[in-house]
Amino acid sequence: MDIFSQQLINGLTYGSLLGFIALGYTMVYGILNLINFAHGDMVTLAAFLAITIAPLAVAAGTLAMIITLAAVVVSVCIIAILLEKIAYKPLRAAPRLSLIVSALGAGMVIKNAIMLIWGANPRIFPRNLFPAGLAKFSDISVSYLSVIILLLNILVMLTLYIFINKTRVGIAIKALSTDYSVAELMGVNVNNTVMIVFLIGGGVGALGGMLIGASYTTVTFSMGFDYGIKAFIAAILGGIGSIPGAMFGGLLLGLTYTFCSGYVSSAWANTVTYLLLIILLIFRPNGLFGRSLVQKV
Amino acid sequence: MMFRINSLHVSYGGIMALDGVDCAVNEGEIVCLIGGNGAGKSTLLRAVSGLVKPAGGTIYFNNLNITNLPPYKIVPTGISHSPEGRKVFAALTVEENLIMGAYALSHIDYDVLRFIYDLFPRLKERRKQTAGTLSGGEQQMLAIGRSLMSKPKLLLLDEPSLGLAPLVSKEVFSHIKRINETQKISILLVEQNAAAALKLSHRGYVLEVGKVVLSGSSEELFDSPLLKESYLGKKR
Ligand SMILES: Nc1ncnc2c1ncn2[C@@H]1O[C@H](COP(=O)(O)OP(=O)(O)O)[C@@H](O)[C@H]1O
Ligand SMILES: [Mg+2]
């Protein structure tokens, strides 16, 4: 298999993982104008929860994967909702800066809790959670995990697209992200809608956390920072607030990063990637799918 | 009395914006709220629709105490608020804006939609256009149309003539009258343009720094020295 196809698949896989995380940043930002800095740590938490839950679920045999995924996603959704109720909701009318400080604090609390519970050393992610092995497409072979990640990416994107555009809750989310108080005047239940956004962001992020664990085999309590920052940048690239933007921003960042590592050098990958991104943002300050903020007024 | 506010107090971080306001709207009435910049007019409407929590006082609508209800529970009781500055969803089309207005009903009443399009034929012509591309007057009509979609019994209008050319303002006012007459919708109208507002309304209140300083029928207010001196003189 040639190097280009290999890099392409790696880039798309990595980009999808970033996209899963970016989604949570972008949706919360869309309605609360808040960068949820605790989000990356929630993603990490999902990976660690899977470490604990997977061995318990193995007794269930072939259903272990589904049970673990479901249990972790549900737990993280609940924690995401609690995070919003405890750390953000009381501050909704406060200046954005207070909210950001609260987000940073919440992130630290989660990160340190992970360290206290699971330890500071890297932990091995359960190998049997996702099917191992390679799928062969003519002369290209792709790991089953990559196939799963790419399919999930497409599935999540389509589901959310339909959800946002065709359901009542989706329309409420759209209205809230356009104009908070006017959405209220239309009769949108703000608390419920915000809760649903945290639930979706948490759930998809949890999926991302487990897939990261499976892809890189070890996880550390502090990994949320690097993934969080990259996913956050992916969200900005796609246009913060835009759901397809988060997914495509993730892919763009993943591809750029992987091709830089492959064709330039892995030492330069970060530098070259961010240089390209800065250039892109100079020409498209609102990202790929972003609304112009000027027009919004 | 269909709508009544008793001794309403609202403060923003300790600063009183409304200091014991009483006000009422009867069935079928247009009542205007006149006052200068910062008098508390928008605050009053925001308190009624639940966007700000009153510090004291009560708001009754059709014998229902709505004082501390959140907006999403107030809209279905039949109160609709068209905010200052129109605030249409600029990125959505005209029709999508109108459909958003029906959110609280959870279904779209096509008779109301037809009435709005009859009332504002220009909205019908432009229904596939994004709202951001409309003129100021058209955006105002869209904002009013959107607030009608929830089938209100009481319409709160915050400065519908703001920033509009005199001729366009006049058109907007005549639409408001028509909505009131044909749909039997009561209207609480906030205006800085006192003369135009009084011409349209049955009764009015004058608000100054959070207090009602004068109230009465529109004729009485027209002839009052306070209005002649402070509000009607600088007619645009
Ligand atoms: N969100 C807010 N925070 C703090 N003060 C406010 C806020 N909104 C309005 N005010 C103050 O409350 C008073 C009344 O404002 P407002 O109701 O907007 O007046 P009007 O609509 O009559 O111009 C003003 O002094 C204004 O500065
Ligand atoms: Mg005002």
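A. Main features of the overall build of chain A. Secondary structure summary: chain A contains twelve helices and four strands in total. On C-alpha atoms alone, chain A measures out to a radius of gyration of 19 Å, which is about the 19 Å that the 2.2 N^0.38 rule sets for 297 residues. Its C-alpha atoms give chain A principal-axis dimensions of about 55 × 45 × 35 Å. In chain A, which comprises 297 residues, the proportion classed as buried is 49%. Put simply, chain A shows about 13,400 Å² of open surface, and 72% of that area lies on carbon and sulfur atoms. Within chain A, one finds 15 positive and 7 negative side-chain charges whose respective centroids are separated by 6 Å.

B. Local environment of the layout of surface pockets. Considered as a void within the structure, the second largest pocket measures approximately 850 Å³ in volume. Lining the second largest pocket are 29 residues, with A:R92, A:A93, A:Y180, A:E184 and A:V190 positioned closest to its centre. Mapped by element, the contributors of at least two residues to the lining of the second largest pocket are α1 (3–32), α6 (168–178), α7 (180–185) and α8 (190–216) of chain A together with β1 (3–12) and α2 (71–78) of chain B. Here the residues of the lining of the second largest pocket sort into 13 nonpolar, nine polar and seven charged.

C. Quick look at the sheet that holds strand β5 (residues 64–65) of chain B. Residues and elements named next belong to chain B. If you walk across this open sheet you meet the four strands as β2-β1-β4-β5, and the pairing is antiparallel. The outermost strands of the open sheet, each flanked by one partner alone, are β2 (15–25) and β5. Its contacts with the sheet put helix α1 (residues 41–48) on β1, β2 and β4 (56–61), and the angle it makes with β1 is roughly 110°.

D. Layout of the nonpolar core. Of all hydrophobic cores here, the largest spans 89 residues; its most connected members are A:F20, A:L23, A:V72, A:Y88, A:F125 and A:L211. Those residues within four positions of A:V72 in sequence are excluded, and the remaining contacts are A:A46, A:L49, A:A50, A:I53, A:A206 and A:M210. By size, the runner-up hydrophobic cluster in this structure holds 44 residues, among which are B:L98, B:F120, B:A196 and B:Y231.

E. A look at α1(B). Counting buried residues along α1(B), six of its eight residues qualify, which places the element largely inside the surrounding structure. Trailing α1(B) by a residue or two, B:G50 shows a phi angle of about 90°, which is positive.

F. Spatial organisation of a nonpolar patch on the surface. Residue and element names in this part refer to chain A. There is a patch of nonpolar side chains on the surface, built from I3, F4, L8, Y263, V264 and W268 and spanning about 650 Å² of accessible area. Put simply, the parts of the chain that give the nonpolar patch at least two residues each are α1 and α10 (243–264). It is α1 that contributes the most residues to the nonpolar patch, three residues altogether. For I3, the location among the structural elements is in helix α1. On the basis of relative accessibility, which here comes to 57%, the residue I3 falls in the exposed class.

What counts as what
- Residues numbered from 1 in each chain as written.
- Chains lettered and ligands numbered in written order.
- Predicted model: local features only at pLDDT ≥ 70, side-chain atom pairs only at ≥ 80, totals over all residues.
- Heavy atoms only, no water.
- Helix = DSSP H or I, 4+ residues; strand = E, 2+ residues; numbered from the N terminus.
- Rg over C-alpha atoms; globule rule 2.2 N^0.38 Å.
- Buried < 20%, exposed > 50% of the residue type's maximum accessible area, 1.4 Å probe, protein only.
- Areas by Shrake-Rupley, 256 points an atom, 1.4 Å probe, with all protein chains shown as cover.
- Lys, Arg positive; Asp, Glu negative; His and termini not counted.
- Charge placed at Lys NZ, Arg CZ, Asp CG, Glu CD.
- 1 Å grid on protein atoms, 1.4 Å probe; cavity = no way out; pocket = protein on both sides within 12 Å on 5 of 7 lines; lining within 4 Å.
- Points joined across faces, edges and corners; volume = space filled by probe spheres on them.
- Nonpolar A, V, L, I, M, F, W, Y, C, P; charged D, E, K, R; others polar.
- Pairing = 2+ DSSP bridges.
- Contact = heavy atoms within 4.5 Å.
- Axes fitted to C-alpha atoms, helices over the stretch in contact; angles between N-to-C directions.
- Core = buried A, V, L, I, M, F, W, Y, C linked by side-chain atoms within 4.5 Å.
- Patch = residues over 30% accessible without salt bridge, like charges linked within 9 Å, V, L, I, M, F, W, Y side chains within 5 Å.
- Salt bridge = Lys/Arg side-chain N within 4 Å of Asp/Glu carboxyl O.

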